[in-house]
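# What the coordinates show
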2 protein chains.
Amino acid sequence: MYKAPVEEIAFTLKHVAGMGRAMEDGRLGDLSGDVVDAILTEAGRFAGDVMEPLAEIGDRQGTKLVDGKVVLPPGWEQLYRDWIAGGWNGLTAPEEFGGQGLPHMLNIATLEMWNSASMAFGLAPTLTMGAVEALLAHGSEDLKRKYLAKLVSGEWAGTMNLTEPHAGSDVGALRTRAERRDDGTYRLFGQKIFITWGDHEAAENIVHFVLARLPDAPAGTRGISLFLVPKFLVGDDGSLGARNDYFAHSLEHKLGIHGSPTCTMIYGDGKYGSEKGAVGWLIGEENKGLACMFTMMNNARLAVGIQGVAIAEAATQKAIAYAKERTQGRAPGTTTTGMSPIIEHPDIARMLLTMKALTQGSRAICYACAEAIDMSHRDEGRASYWQGRAALLTPIAKSFSTDAGVDVASLGIQVHGGMGFIEETGAARLLRDARIAPIYEGTNGIQAIDLVTRKLTIAGGDHLRGFTHELREIADAVEKSNLDGFGETAARLYAAITDLEAASEWLLARQAEGRIAEALSGATPYQRLFGLVLTACYLAKGGLADVADGEGEKRIALCRFAAENMLAETTALTDRIVAGASSLEAARIALA
Amino acid sequence: MYKAPVEEIAFTLKHVAGMGRAMEDGRLGDLSGDVVDAILTEAGRFAGDVMEPLAEIGDRQGTKLVDGKVVLPPGWEQLYRDWIAGGWNGLTAPEEFGGQGLPHMLNIATLEMWNSASMAFGLAPTLTMGAVEALLAHGSEDLKRKYLAKLVSGEWAGTMNLTEPHAGSDVGALRTRAERRDDGTYRLFGQKIFITWGDHEAAENIVHFVLARLPDAPAGTRGISLFLVPKFLVGDDGSLGARNDYFAHSLEHKLGIHGSPTCTMIYGDGKYGSEKGAVGWLIGEENKGLACMFTMMNNARLAVGIQGVAIAEAATQKAIAYAKERTQGRAPGTTTTGMSPIIEHPDIARMLLTMKALTQGSRAICYACAEAIDMSHRDEGRASYWQGRAALLTPIAKSFSTDAGVDVASLGIQVHGGMGFIEETGAARLLRDARIAPIYEGTNGIQAIDLVTRKLTIAGGDHLRGFTHELREIADAVEKSNLDGFGETAARLYAAITDLEAASEWLLARQAEGRIAEALSGATPYQRLFGLVLTACYLAKGGLADVADGEGEKRIALCRFAAENMLAETTALTDRIVAGASSLEAARIALA
């Protein structure tokens, strides 16, 4: 059913995110537009033809814990092996470790396709890629030598172990214990929950990145260290040795992503090995583990954002196809006899256009974030600009896209009517899968706090101000284009950007005054406001790209729809930010 | 876990909906406030103590088709029998048929509780009550004599059979065939899908109300007749006879409401009986079946609306309880040591207050709709006023409340963080159950079309104008109250009502000009706009009710939150209605 929108993805990469310009400027090595198209086409084929047909059985059968082993859904072990055989896991990894050294933009674009085909499956490589990043950035040469090539190929899989029963968003509260040993290794003891792809038999080894606390560590986040804990110990020659002392204790029974094993992990219980304690190796420095973990988490946040885009894309495709086929009633203005395809009813068209605008808008935001990450490494003179842009866009990419994923999947069910509620239709699974994305890798509320308190404030707000200036240039270009198809888009964009600026300055001022609670009250509305403005601006940027692909008129029309039907919300959001805090505070008594 | 909010429900009935005034005016017989409280208390006890504990097993085990019989979840047959033994099924039915003759307001209030406890279970009586309504209004004396008392008691259950594979929203497209027989009965042949509680063993007999088409019937909706088709034929003495010729062919595998058997029904296949064809008796007149069915459907629409309220209430309770217990991080301004309960974080408080405002607002809308239905029978001098009000409020009660149910359930998951995605927490089930309510009994898009084309236009728009005048009086009262707690509520209400008036007049004008497509483009935004205005106005009405129950200050604070944080959206919605249609139309090319 899912057909990867290869052309739209390529267009967005090249003309909305700056891949085209970066190639022209020679920042992407010898990567050419044709190579990009070829990679995307091949990924799209694998996602649509090989992966997606296994998504439903993954959902229906889920994962099982049998005799201590995690059993993936039928066909999924082979799927994983076929997928890594395609080289997809190492797309962006350095060539010296067997990767292909391609830009992260391409990785995010292909991640979108894997997640559209099966979000439960798409999670596996996401975690391994994060492990590669952390090891590259913070691992010792010895650990890199032993682990990197296998993680890059995907023969070994990686995981992140942060959460504990009492430490979710508040990772500083974790209690897993790490003890030093004389040989420089550590022994870990404790329980971790919600560990995505925490155990399985698809990969030969699983390499866990585990946050734990040394006995003499300071309290809170400054006393957390990061350890590499392999499932099987690795000899100097890379051979697999003894089973490490941890195990997957149980699997969660979840609303969605049933094909992804979500494990409770017990470390150091003495189940394996002669000495109690899971053997771990320090990554980075003692008590500096959180910074290392953030290397994984920042990219993981964008990777979760793209899951929202992926679900939105799959849901939109499915709904449009259904709405063209299903006939009910007669749409206004119909002249033919018989029932109309429901896509002709204005209310259905509104839902589908909203879905499409949110999908393309959130895709553009995620790709622009990936561009900023790439350019922060490849555009040396402007590294700090791009770092600021990546930092600013990451929470928006994560939260706006995952909210869009849920909203679009829910609209997709609605378009299907009663059939949408029937599991076999597949629309319901998309909502069930999508619903985790606003929660994990930092809830969207945490993202909003991050956006307001750490990203908006970059360079005292000047990075944000520079960004809104760039957005105004897009509005200027729409105005100057004189294209009728844009309708009132330019005026709508100016108004929305003005709202964004006003809300931003208000939030900066409150923080400068130390009125943090007021700023935080507006954090989630601000995040949505920012996402809506970017959606409309990026749709406009796409509409302005003069590409002879026959889609220009459609892009402009969709942009106009977003500007004239969705953008007025920015004024309400700004009002909520600026005027809503005191009533929120006063209404706390209603929750008592 | 669920604790019926008996006091809040009683308050809303008496002081927001007009039950208090109606009792004073003697329109509710000898019903007193104390009796209302006693009934609500007892219903709350049954819902919380008896029904809710069986909800989870109903979800987990669902229903099964075993040897042609529909098997309910463990404990559910007994639950049904205990429930009807309590007399709950006949609360509003006439006393001459064994009912209690109580107002529909009370029925809706108790339906809320059943649906909070288990929406899958709550559906069963909803359908039977609809059957009672239809039989009372349109059945022959003979059919009433044979069927009514048993349906009123609930010993026999009722169903509605409308949908067919090609006829969902477009009921006029149905193909089920009815043939006349010389004895005045009919024989039915055809397939119906999505039949809620279509078969089970909890009731002794099941009485289906089936829409079918006579051989010589006109095409479309004017050729539809309504038939009563019992599972077991009923003798003149009321005894059960032969099995009728239909059967439940299969059960749907659904996203939610797993405890409710959703059946595909085959009529007249020759499985039972000597002569092919399910025996049916005409309800009302031939070819006038749709009007009879609307008697069932209008009340069913409100009953579905209350399901949205019910889910929202259950989700809000669960989320508030969790947010008070779960600690993470430190909220701004916290002076104590250790982690803060997450309810203290502004973003969590915002979610919970939004949930609470939507719950109480949609409850008030549904109760006000029930009041209008009651008064249309009991306030003789103003029957047409109340009929108009009931007609106008029904689509809003159905759609706004069910959208609120989905939104609030989704927010409830978010408040729970990772735990929200784990099925055992129970928050996910509420979303899964809630998701059908915007679809069945006429999708919310159909409700919006009904609102704009048939309800807004009542008396050329004058009923609507009278209503907004009443709403302005609430805003006036807020302003005159001079209560500081209301903050900017009065000004916000005036602005929102002005938006509603502007949108209404625009939609009326477009329809007068025959520009139907434009009016329909704004139908869904208009429906939400109306619901938001009513939410804030009814919260204000509650806040103004000077009741010494210690909750007044809380109600005013929640009203202010809604006014200052949620009501600004009305301007965006009005803009979408007035300015959005042409861009929607132009953007259709983006769906090609």
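Residues numbered from 1 in each chain as written. Chains lettered and ligands numbered in written order. Predicted model: local features only at pLDDT ≥ 70, side-chain atom pairs only at ≥ 80, totals over all residues. Heavy atoms only, no water.

Looking at an unreviewed UniProt entry, chain A carries the name 3-methylmercaptopropionyl-CoA dehydrogenase, with the source organism given as Rhizobium paranaense. What the UniProt record of chain A gives under Catalytic activity (unreviewed entry) is the line "3-(methylsulfanyl)propanoyl-CoA + oxidized [electron-transfer flavoprotein] + H(+) = 3-(methylsulfanyl)acryloyl-CoA + reduced [electron-transfer flavoprotein]". According to the UniProt record, the Cofactor (unreviewed entry) comment for chain A is "FAD". (UniProt positions renumbered as here; feature names shortened; annotations may be inferred.)

### Some remarks on the overall build of chain A
A count of helices and strands for chain A gives 20 helices and 12 strands. Relative to the compact-globule value of 25 Å for 592 residues, chain A shows a C-alpha radius of gyration of 24 Å, a close match. Projecting the C-alpha coordinates of chain A onto the three principal axes gives extents of approximately 80 × 60 × 60 Å. Here the analysis covers contacts within chain A between residues at least 6 apart in sequence; of these, 74% occur between residues at least 24 apart. As displayed, chain A has an accessible area near 19,900 Å², and 51% of this comes from carbon and sulfur atoms. The distance from the centre of the 57 positive side-chain charges to the centre of the 74 negative ones in chain A is 4 Å. (Helix = DSSP H or I, 4+ residues; strand = E, 2+ residues; numbered from the N terminus. Rg over C-alpha atoms; globule rule 2.2 N^0.38 Å. Contact = heavy atoms within 4.5 Å. Areas by Shrake-Rupley, 256 points an atom, 1.4 Å probe, with all protein chains shown as cover. Lys, Arg positive; Asp, Glu negative; His and termini not counted. Charge placed at Lys NZ, Arg CZ, Asp CG, Glu CD.)

### As for the relation of the copies chain B and chain A
When chain B is fitted onto chain A, the two copies agree to an RMSD of 0.0 Å after a turn of 180° and an axial shift of 0.0 Å. Here the symmetry operator amounts to a two-fold rotation axis. Most of the interface of chain B is mirrored in chain A, where 100% of its interface residues are also at the interface. (Least-squares fit on C-alpha atoms with pLDDT ≥ 70 in both.)

### What about the interface of chain B and chain A?
Counting residues at the interface gives 88 residues for chain B, matched by 88 residues for chain A. Around 7,400 Å² of area is buried between chain B and chain A when both sides are counted, 60% of it from carbon and sulfur atoms. Inspection of the region where chain B meets chain A yields two salt bridges. The salt bridge partner of aspartate 575 of chain B is arginine 492 of chain A, with a shortest N-O separation of 2.7 Å. Between chain B and chain A we count 46 residue pairs in polar contact (both at pLDDT 80 or more) in total. (Buried area = accessible area lost by both parts, 1.4 Å probe. Salt bridge = Lys/Arg side-chain N within 4 Å of Asp/Glu carboxyl O. Polar contact = N/O pair within 3.5 Å; in protein donor to acceptor, adjacent residues only side chain to side chain.)

### Things to note about the pairing of strand E6 (residues 205-212) of chain B
Residues and elements named next belong to chain B. Counting buried positions along E6 yields eight of eight residues, so the element is predominantly enclosed. Here E6 shows no split at all, with Asn205, Val207, Phe209 and Leu211 on one side and Ile206, His208, Val210 and Ala212 on the other all buried. Here strand E3 (residues 156-161) pairs with E6 via six bridges, running parallel. Its bridge partner lying in E6, tryptophan 156 is registered against asparagine 205. Of the strand pairs in this sheet, E6 and strand E7 (residues 225-230) are connected by six bridges, and their pairing is antiparallel. Of the residues in E7, the one forming a bridge with valine 210 is phenylalanine 227. (Buried < 20%, exposed > 50% of the residue type's maximum accessible area, 1.4 Å probe, protein only. Pairing = 2+ DSSP bridges.)

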